[in-house]
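# Examination of the molecular architecture
Spelled out from the first residue to the last, the chains are:
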Amino acid sequence: VSTQSTGSSGINAEYGGDLRFHTMLRLLSLFLLGIALGHSYHIDDWLTKFSAEEGNENKAAEGKIWVVLVAGSNGWYNYRHQSDVCHIYQLLVRNHAIPRTNIVTMMYNDIAYNRDNPTPGTIINALHASDVYEGVMIDYMGEDVNPKVFLDVLAGKYVSKGSRKVVKSTEDDIIFVNFVDHGGPGILAFPSGELHKADLDSTMNQMFEGARYKQMLMYIEACYSGSMFTKMSDKMGITAHTAANADESSYACVMDDDLNTYLGDCWSLNWMNNTETIAPGWNKETVGQQYQIVKKMTTQSHAMLYGDLTTIPNEPLSTFLGTPGEKRWKMEMGEPREMKSIQSQDVMVDWLRRKLAKENDDEAAEELRQQIKFHEDKERYVEKAINAIAEDVLGAVDAVSSLKQVPLVINHAECNKNVMTGFFSACHTRIQEHPYITKYLNTLAKLCNVYSEDHILASVARFCNAN
């Protein structure tokens, strides 16, 4: 029995069509209103007109600011990811006057109308009591939220899915990327599939060589997020600010007992809180200053900075987040909430246990117990398999213990990609479905710095099948 039977998969099947309908209905109603008033223009023209009426073009120097927002998960227990993305969307559009046409939003969109949501059509954030879902234009949802679409959007390639909106940047433009989800060594997770460091590196190199941006700032909320950037060149005009280093989990924060889910991620809440606190002085605080402030605020994990550590950190936040619009977004402040935190890897099983504690129906309670046991068994299976693989490759138990003490640096991204992909397939596991497995994947990743992928994959096939 897996969580999918009563969690994300069931919800997605039941609500997926309705969610697309609600989103398109809002869009279509405004578009038809324009036609009724005698206007005649393509939908892209309407979006441009709509954005222009909301805010200024918010150009960074001579270029534009482009934004890509990604909530890479699904399921009620991952509520916080879509909440974080909706929150920053509202800040950028309403307070920072970034045109909607310059923002590409990717989120599964199974939270607002989820069967567990007591107020359908709303998503709240931990910092406020206000709904942050209303008005968010989602360009890619459901199965369209995947690594290939993300990379194509970022690189400005043609996408046949969703709204088809991509980053149409030039060498004069600024790009801001905010990704929120689970992660592993050299991996950022999506609802279906994983984004590997090797593929992100390839896309960023192509964009750099093709002069597709002036500067790029990436804010990444994920476990082991630092592992995606430890080897990134400082000459590419890209800076990555991550919620965690290469060897640790990031943390979920603020449990809402009524919703039975965490409302935000600790690091994300900290940087958004700082951004709101200094408003409208985004031109007075630099990227580097925000990093130092947020690093001190984030006590559960180690916020890190990678890539260009000289130029971009000295740029004002307004370079990437825009300048104040004419109208500030006044959000209703909620009651102060306890910043109780938990490792992101453990949220899903914690959510199941909380559901079990509140369940009064015997049959439903037994199903929850079976789901919890399944995940506990899966975690033990993965830990045992990885230890066996590492011992087989290294030849001794002591060598495995020594390997685990070495800080992770991914020197061979292609090997890491192929080994991780092979392990997920052979051991029938995935980060999105079993996020707790990321506690053990670093040991597997470090093997690529010592041995060939063929040697490692031979052990993977042997011991995944044996366990």
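Given the structure is predicted, the values throughout are model-derived calculations rather than measurements.

## Focus on the overall build of the protein
A tally of helices and strands in the protein yields 14 helices and 12 strands. Restricting to contacts in the protein with at least 6 residues of sequence separation, those with at least 24 account for 77%. Of the roughly 18800 Å² of accessible surface on the protein, a fraction of 51% belongs to carbon and sulfur atoms.

## Concerning the sheet that holds strand β7 (residues 215–221)
Strand order in the open sheet formed by 6 strands is β2-β1-β3-β7-β8-β11, with mixed pairing between adjacent strands. The two strands at the open ends of the sheet, each matched to only one other strand, are β2 (103–107) and β11 (304–307). Neighbour-to-neighbour, the strand axes of the sheet open up by a mean angle of 10°, direction not taken into account. Relative to strand β3 (residues 174–180), strand β1 (residues 65–71) runs parallel, the two sharing 7 bridges. Looking at β3, one finds that W66 is bridged to I175. Together, β1, β2 and β3 form the strand contacts of helix α3 (residues 79–95), whose direction differs from that of β1 by roughly 160°.

## A word on the nonpolar core
Ranked by internal contacts, the top residues of the largest apolar core, which has 102 residues, are I123 and F423. Here the element with the most residues in this core is helix α10 (residues 362–394); it accounts for 9 residues. If you look at the next biggest cluster of nonpolar residues, it comprises 37 residues, including V159, L200, M207 and Y213.

## A few points about helix α4 (residues 147–155)
Buried residues dominate α4, accounting for 8 of its 9 residues. Looking at α4, one finds that the buried residues are P147, V149, F150, L151, D152, V153, L154 and A155. The N-cap residue of α4 is N146: its side-chain oxygen and the backbone nitrogen of K148 are 3.2 Å apart. Among the residues trailing α4, G156 stands out with phi positive, at a value near 80°.

## Some details on the pattern of salt bridges
The tally for this structure, following the rule as stated, stands at 16 salt bridges. In this structure, K439 engages D346 in a salt bridge whose closest nitrogen and oxygen atoms are separated by 2.7 Å. Within this pair, whereas K439 is found in helix α13 (residues 438–447), its partner D346 is found in the loop between β12 (341–343) and α9 (347–358), the two being separated by 93 residues in sequence. Through salt bridges that share partners, E194, R430 and E433 make up one connected network.

## Re the environment of N274
Within the secondary structure, N274 is located in helix α6 (residues 266–277). For N274, a relative accessible area of 6% puts it in the buried group. For the pair formed by N274 and V294, sequence separation is 20 residues and the distance between their alpha carbons is 7.5 Å. With residues up to four places along the chain from it excluded, the contact list for N274 reads E285, Q290 and I293.

## A word on the state of the cysteines
Under the definition given, this model contains 3 disulfides. Here C427 pairs with C464 through a disulfide, and the sulfurs are 1.7 Å apart. Torsion about the S-S bond of the C427 and C464 cystine: about -85°, corresponding to left-handed handedness. Residue C427 is found in the loop between α12 (413–426) and α13, and its partner C464 is found in helix α14 (residues 453–466); the two are separated by 37 residues along the sequence. The same class applies to C427 and to C464, which are both buried. Numbered by order of appearance in the sequence, the disulfide-linked cysteines of the protein pair as 1-2, 3-5, 4-6.

## Concerning the sheet that holds strand β4 (residues 183–184)
Across the sheet, which stays open at both edges, the 3 strands sit in the order β4-β5-β6 with antiparallel pairing between neighbours. Each edge of the sheet is formed by a strand with only one pairing partner; in this case those strands are β4 and β6 (194–196). Direction of pairing for β4 relative to strand β5 (residues 187–189): antiparallel, over a ladder of 2 bridges. Bridge assignment links G183 to a residue of β5, and that residue is L188.

Criteria and cut-off values
Residues numbered from 1 in each chain as written. Predicted model: local features only at pLDDT ≥ 70, side-chain atom pairs only at ≥ 80, totals over all residues. Heavy atoms only, no water. Helix = DSSP H or I, 4+ residues; strand = E, 2+ residues; numbered from the N terminus. Contact = heavy atoms within 4.5 Å. Areas by Shrake-Rupley, 256 points an atom, 1.4 Å probe, with all protein chains shown as cover. Pairing = 2+ DSSP bridges. Axes fitted to C-alpha atoms, helices over the stretch in contact; angles between N-to-C directions. Core = buried A, V, L, I, M, F, W, Y, C linked by side-chain atoms within 4.5 Å. Buried < 20%, exposed > 50% of the residue type's maximum accessible area, 1.4 Å probe, protein only. Polar contact = N/O pair within 3.5 Å; in protein donor to acceptor, adjacent residues only side chain to side chain. Salt bridge = Lys/Arg side-chain N within 4 Å of Asp/Glu carboxyl O. Disulfide = S-S within 2.5 Å.

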